[in-house]
Amino acid sequence: MRFSEVVAHLSQKISVTAKEGKNPEIKGVSPIEEATMQTISYIEGRKFAHYINITPASALILPQDETLQAQADDQGIPWVAAEVPRLLFAHAIDLFYRPFHPTPDVHPSAVIDPSAEIQENVYIGANVVVYPRVKISSGVCIYPNVVIYPDVTIDDRAILHANATIHERTQIGKDCIIHSGAVIGGEGFGFVPTSQGWLKMQQSGCVVLEEGVEVGSNSNIDRPAVGETRIGRNTKFDNAVHIGHGCRVGENCAFAAQVVLAGGVKVGNNVLLGGQSAIANQITIGDGARATGHSGITRDVKAGEIVSGSPAVPNHIYLRSSAIYKRLPEMYRMFQKLVKGSKN
Amino acid sequence: MRFSEVVAHLSQKISVTAKEGKNPEIKGVSPIEEATMQTISYIEGRKFAHYINITPASALILPQDETLQAQADDQGIPWVAAEVPRLLFAHAIDLFYRPFHPTPDVHPSAVIDPSAEIQENVYIGANVVVYPRVKISSGVCIYPNVVIYPDVTIDDRAILHANATIHERTQIGKDCIIHSGAVIGGEGFGFVPTSQGWLKMQQSGCVVLEEGVEVGSNSNIDRPAVGETRIGRNTKFDNAVHIGHGCRVGENCAFAAQVVLAGGVKVGNNVLLGGQSAIANQITIGDGARATGHSGITRDVKAGEIVSGSPAVPNHIYLRSSAIYKRLPEMYRMFQKLVKGSKN
Amino acid sequence: MRFSEVVAHLSQKISVTAKEGKNPEIKGVSPIEEATMQTISYIEGRKFAHYINITPASALILPQDETLQAQADDQGIPWVAAEVPRLLFAHAIDLFYRPFHPTPDVHPSAVIDPSAEIQENVYIGANVVVYPRVKISSGVCIYPNVVIYPDVTIDDRAILHANATIHERTQIGKDCIIHSGAVIGGEGFGFVPTSQGWLKMQQSGCVVLEEGVEVGSNSNIDRPAVGETRIGRNTKFDNAVHIGHGCRVGENCAFAAQVVLAGGVKVGNNVLLGGQSAIANQITIGDGARATGHSGITRDVKAGEIVSGSPAVPNHIYLRSSAIYKRLPEMYRMFQKLVKGSKN
């Protein structure tokens, strides 16, 4: 496809500026560090400006930054720019990439209980196991070796990747994506200490994923003793995230890899949690709050607050305290001198 | 079932006090935040007292707390109470919840080596794979897509959830529960650095789970180069716990999600580890010790000690040091002023 | 096998010193804590010296340490020693342990697309699913219930353990080992925030594992939006490691359990990361650098540097700062006294 066609397609999605130049043939999108000819590549910001002078890419996606654009002009590289260049980059990939998506079909090796209800246009791969009373709606795609326990419902167009396990009574909303190895609706970690050891509490509740939720590979979302563990619409979890029994997570959140929510945590909408953040039992996190990676949250966090560290404190305090942490040895030495001086 | 019957059943389990009132019909147990009529709900303590005035629940489980009980009386809500109300709550769930448990049967799609020994009343689900010389005892329940490597033994009534993998020579005790995606007995991370790179050490040992051990979803327990990795009876692991090669964990421990034990760690009985705690190589943890979440333990911990932080220190020190951490910037400013003053 | 034969075999591998004594029969290798007669056991260093006086082991592997050797002589225990006794230990295990490795065969229950190319001497276990255009080279071993998405290539002698999932376009090099439940080539966590919520970026790239890479159980290595996520030859990952989209990891690295690399991280050769270490987006780590367990790396790390803590600082600073951390309460009290004194 000619670069002018690429620009035409992109401008149907978002508002763009472009300089088409020699209008080269574009065959794909490449990362700037390893760009090749006949591809369009992506300069995220000035940090990557030096690549403009050396890249073999035939065209560039740029931010709305006149300096970078002039630099591309100097190199004779045609470019297209937008306010959010990352969005342009996403749309450019869509132009060239055809993701693998199998044709609707039920593989003969799948073991499906006769009481399961399966609508049209569904793909069920090899060796999938479906227990009684499961409901699978239109356009759902279930990859091989997924196991679905009884009474699960899976709404339109949800995708379940290979080797995922969906436990009893889980409700999976429209357009959810469950990645490989994820376990949804497993038993919450509920034990009561007794003089004879741990007494296991039955976990009679269920997990509800609202529409558009995405759950990363090998993540775990547990069901509670009673009631629901609920994840709000369009919330996205990276790999190996753990959501304990009875948590309620709002809409449009994003949790990075290995985030842990203990039991009964309440998270508002639009909350961002960095990798390996952990939230203690029964804590409440307000809308739009953020935690940087590695945070250990042991108290409620207000709407819009940014926290860091373990135990987590407001981010602006963390930045200063952690800077001083490095100087503690020096501070301690001077401090001892002072104490000595004051005693004389 | 009438509330009076609920109370009668519960009092067969533990000592209870109750006020039966209008003796309503009870059809299930509900979480207090979303209780509905004709259910019994659970007030864990005074933190939840305000719910008593607004709940539509038809009955309540209460602690032995006269204030809360009087409050329920004022609202005309019948209640049942016990010293450990959480235990009452667990028994109440048992009254109403029938967990899914498949009828003994071996699915025709299971691939079972002829040398495997399988006793009576066993459930083996679809696509389970059983390698040579595996022994499966009476009442064991193996869900679909579990893979069992050679020479594994699985004792009475153990439950293996879907997509778990059990590696060679693992011994699983009576009444163990292995959750979905867990990997038991995989190769320990053993490499010797040489001038030609890492030399892989064969991992000829095995994992032993004593009776009543529970292993959370996507957890990993590795086997050692020689000898055993052993988990003591009734010890419970939450999801995504990692137990390195050659560890020995005692009885009745509970480890929360994403706990990591490096190689050769020795943990006593009744040890509690908070989420994302990690213990370094060859460390010893005494009976009844505890670590709060996110701890990084790099030295031995005595019996009964409570530790926190990374590197972990006694909890009472951690509480004070982490409180001062927040004030480091302020302290640093005043400190600099002092230094300046002392120089004049 | 007689001890003299054991020594003869070991001396073909590395340079050894030995005292053969009564030349006992040796039937296996045992851990020193639970050694039994007719086994050879391993004393790693002086920390374990007390075992020499009490062990029932018939022979010992020792370091080149005259004190320990004399101690064994006093007890009349024959021994063999080398500069790196751990290497001797590894070779000794090889002498006695026959790891399970199935005979080449394709199980009839495997579901293999006709367009897949499969070379000779391949083992494909029960219920393995192979999508179109996958290439499987000579000597590859794929355990049951592995799922391989389209266009994957698996080079000579690679081993894929049960329930692993390999996503589209992944390239697995010669002699790689993928442990159970690992997910290779899943979609990177790429979303662009828009006014309508998260926009999913297609992940059109792939994962490349060079030869000799080992990936632990339930680990996840994500593919990027464009280009590659690449792991260098002979690099080893323990369990539950997460490698984000677009990372590049060098050769001969070793990452312990639950290490997290966010997106676009660049790691040099021979880098060692302790358990639960995390590296933030786009960070660069130089050759031979090390991070101790639980580190949170938020800035570039130079070649050979050792870092610790979160945010990570040079290890020598961390050791001193964390020592003072414990004394903060005491320091704070004295400090307040000083401030008070200076005001008088």
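Computed from a prediction, not measured in an experiment: that's the story for all the values here. (Residues numbered from 1 in each chain as written. Chains lettered and ligands numbered in written order. Predicted model: local features only at pLDDT ≥ 70, side-chain atom pairs only at ≥ 80, totals over all residues. Heavy atoms only, no water.)

### Description of the overall build of chain A
So, point 1. Along the backbone of chain A there are five helices and 38 strands.
So, point 2. Computed over C-alpha atoms, the radius of gyration of chain A comes to 26 Å, more than 25% over the 20 Å expected from 2.2 N^0.38 for 344 residues, which places it beyond the range of a compact globule.
So, point 3. For chain A, the C-alpha atoms occupy an extent of roughly 90 × 75 × 30 Å along the three principal directions.
So, point 4. Here chain A, with 344 residues, has 61% of them falling under the buried criterion.
So, point 5. For chain A, contacts bridging at least 24 residues in sequence account for 18% of all contacts bridging at least 6.
So, point 6. Accessible surface computed for chain A: about 12900 Å², of which carbon and sulfur atoms make up 50%.
So, point 7. Charged side chains of chain A number 31 positive and 33 negative; the gap between the two group centres comes to 11 Å. (Helix = DSSP H or I, 4+ residues; strand = E, 2+ residues; numbered from the N terminus. Rg over C-alpha atoms; globule rule 2.2 N^0.38 Å. Buried < 20%, exposed > 50% of the residue type's maximum accessible area, 1.4 Å probe, protein only. Contact = heavy atoms within 4.5 Å. Areas by Shrake-Rupley, 256 points an atom, 1.4 Å probe, with all protein chains shown as cover. Lys, Arg positive; Asp, Glu negative; His and termini not counted. Charge placed at Lys NZ, Arg CZ, Asp CG, Glu CD.)

### Quick notes on the domain arrangement of chain A
So, point 1. Each assigned domain of chain A is listed with its residue range as follows: domain 1 (3-96) and domain 2 (106-319).
So, point 2. Its C-alpha centre places domain 1 of chain A at a distance of 37 Å from the equivalent point of domain 2 of chain A. (Domains from an automatic or database assignment.)

### Quick look at the sheet that holds strand β28 (residues 248-249) of chain A
So, point 1. In spatial order, the strands read β8-β11-β14-β17-β22-β25-β28-β31-β34 (chain A); together these nine strands make up an open sheet with parallel pairing. Each end of this open sheet is capped by a strand with a single partner; those strands are β8 (117-118) and β34 (284-285) of chain A. (Pairing = 2+ DSSP bridges.)

### A word on the UniProt feature "active site" (unreviewed entry) in chain A
Residue and element names in this part refer to chain A.
So, point 1. The positions UniProt marks with the feature "active site" (unreviewed entry) are H245.
So, point 2. Relative to the assigned elements, H245 resides in the loop between β27 (242-243) and β28.
So, point 3. Residues contacting H245, with those up to four places away along its chain left out, are G188, F189, Q203, D222, R223, P224, T229, G263 and G264. (UniProt positions renumbered as here; feature names shortened; annotations may be inferred.)

### Quick word on the relation of the copies chain A and chain C
So, point 1. If you rotate chain A by 120 degrees and push it 0.0 Å along the axis, it lands on chain C with an RMSD of 0.0 Å. Given the turn and translation reported, the copies of this chain are related as if by a three-fold rotation axis. (Least-squares fit on C-alpha atoms with pLDDT ≥ 70 in both.)

### Looking at the sheet that holds strand β28 (residues 248-249) of chain B
Residue and element names in this part refer to chain B.
So, point 1. As summarised here, the arrangement of the nine strands in space is β8-β11-β14-β17-β22-β25-β28-β31-β34, forming an open sheet in which the pairing is parallel. The open sheet is flanked by β8 (117-118) and β34 (284-285), the only strands paired with a single partner.
So, point 2. Across two bridges, the pairing between β28 and strand β31 (residues 266-267) is parallel. Looking across to β31, one finds that R248 is bridged to K266.

### Remarks on the environment of B:N239
So, point 1. Tracing the chain through its elements places B:N239 in the loop between β26 (236-237) and β27 (242-243).
So, point 2. The spatial distance from the C-alpha of B:N239 to the C-alpha of B:P132 is 29 Å, given a sequence separation of 107 residues.
So, point 3. In this view, B:N239 contacts A:N220, A:D222, A:H242, B:G216, B:S217, B:S219, B:A257 and B:Q258; residues no more than four positions away in its chain are not counted.
So, point 4. Reaching out from B:N239, the side chain makes a polar contact with the side chain of A:H242 at a distance of 3.2 Å. (Polar contact = N/O pair within 3.5 Å; in protein donor to acceptor, adjacent residues only side chain to side chain.)

### A closer look at the interface of chain A and chain C
So, point 1. Each partner contributes residues to the interface: chain A has 62 residues there, and chain C has 70 residues.
So, point 2. Between chain A and chain C, the buried area comes to about 5200 Å², and carbon and sulfur atoms account for 64% of it.
So, point 3. Applying the counting criterion to the chain A and chain C interface returns three salt bridges.
So, point 4. A salt bridge links C:K200 to A:E214, with the nearest nitrogen and oxygen atoms 2.7 Å apart.
So, point 5. One can count 27 residue pairs in polar contact (both at pLDDT 80 or more) joining chain A with chain C. (Buried area = accessible area lost by both parts, 1.4 Å probe. Salt bridge = Lys/Arg side-chain N within 4 Å of Asp/Glu carboxyl O.)

### As for the interface of chain A and chain B
So, point 1. On the side of chain B, 62 residues touch chain A, which itself brings 70 residues to the contact.
So, point 2. The junction of chain A with chain B conceals about 5200 Å² of combined surface from both sides, 64% of it contributed by carbon and sulfur atoms.
So, point 3. Between chain A and chain B we count 25 residue pairs in polar contact (both at pLDDT 80 or more) in total.
So, point 4. Mapped by element, the contributors of at least two residues to the side of chain A that touches chain B are β19 (183-187), β20 (191-194), β21 (197-200), β24 (220-223), α4 (315-325) and α5 (328-343) of chain A.
So, point 5. Its residues assigned to classes, the side of chain A that touches chain B shows 32 nonpolar, 27 polar and eleven charged. (Nonpolar A, V, L, I, M, F, W, Y, C, P; charged D, E, K, R; others polar.)

### Details of the packing of helix α1 (residues 3-11) of chain B against helix α3 (residues 85-96) of chain B
Residues and elements named next belong to chain B.
So, point 1. Their axes nearest at 10 Å, the elements α1 and α3 cross at an angle of 115 degrees. Crossing angle aside, the handedness with which α1 passes α3 is right-handed. Across from V6, H9 and L10 in α1, the residues of α3 making contact are L88, H91, A92, L95 and F96.
So, point 2. Among the residues making up the contact of α1 with α3, the classes are represented as six nonpolar, two polar and no charged. (Axes fitted to C-alpha atoms, helices over the stretch in contact; angles between N-to-C directions. Left-handed = near helix turned anticlockwise from the far one by under 90°.)

### Let's talk about the state of the cysteines
All names here are of chain A.
So, point 1. Applying the stated criterion across every chain, the model contains zero disulfides over all chains.
So, point 2. Here C247 stays free of any disulfide, with the sulfur of C253 as its closest cysteine sulfur at 12 Å.
So, point 3. For C247, a relative accessible area of 0% corresponds to the buried category. (Disulfide = S-S within 2.5 Å.)

### Re the packing of aromatic side chains
So, point 1. Tallying each qualifying case throughout the model produces 36 aromatic pairs over all chains.
So, point 2. Relative to B:Y143, the ring of B:Y123 has its centre 6.0 Å away and its plane inclined at 65 degrees; by these criteria the two rings are edge-to-face. Taken together, the residues B:Y123 in strand β9 (residues 123-124) and B:Y143 in the loop between β12 (141-142) and β13 (147-148) connect sequence positions 20 residues apart. As far as burial versus exposure is concerned, B:Y123 and B:Y143 are alike and both buried.
So, point 3. Taken together, a centroid distance of 5.2 Å and an interplanar angle of 75 degrees make the contact between B:F189 and B:F191 edge-to-face.
So, point 4. A relative accessible area of 9% places B:F191 in the buried class.
So, point 5. Ring pairing ties together the aromatic residues A:F100, A:Y123, A:Y143, C:Y131 and C:Y149, which thus form one cluster. (Phe/Tyr/Trp six-rings, centres within 6.5 Å; stacked < 30°, edge-to-face > 60°.)

### Examining the pairing of strand β20 (residues 191-194) of chain C
Side chains on a regular strand alternate between the two faces of the sheet.
Residue and element names in this part refer to chain C.
So, point 1. In terms of strand pairing, β20 meets strand β21 (residues 197-200) through four bridges, oriented antiparallel. Within β21, the residue paired with F191 across the bridge is K200.
So, point 2. Joining the antiparallel neighbours β20 and β21 is a turn of two residues.

### Points about the environment of A:S137
All names here are of chain A.
So, point 1. Its location among the elements puts S137 in the loop between β11 (135-136) and β12 (141-142).
So, point 2. Assessed through its relative accessible area of 13%, S137 is described here as buried.
So, point 3. Once the C-alpha coordinates of S137 and H294 are considered, the two residues, 157 residues apart in sequence, prove to be 39 Å apart.
So, point 4. Residues in contact with S137, not counting those within four places in the same chain, are Q119, V122, I154, D155 and D156.

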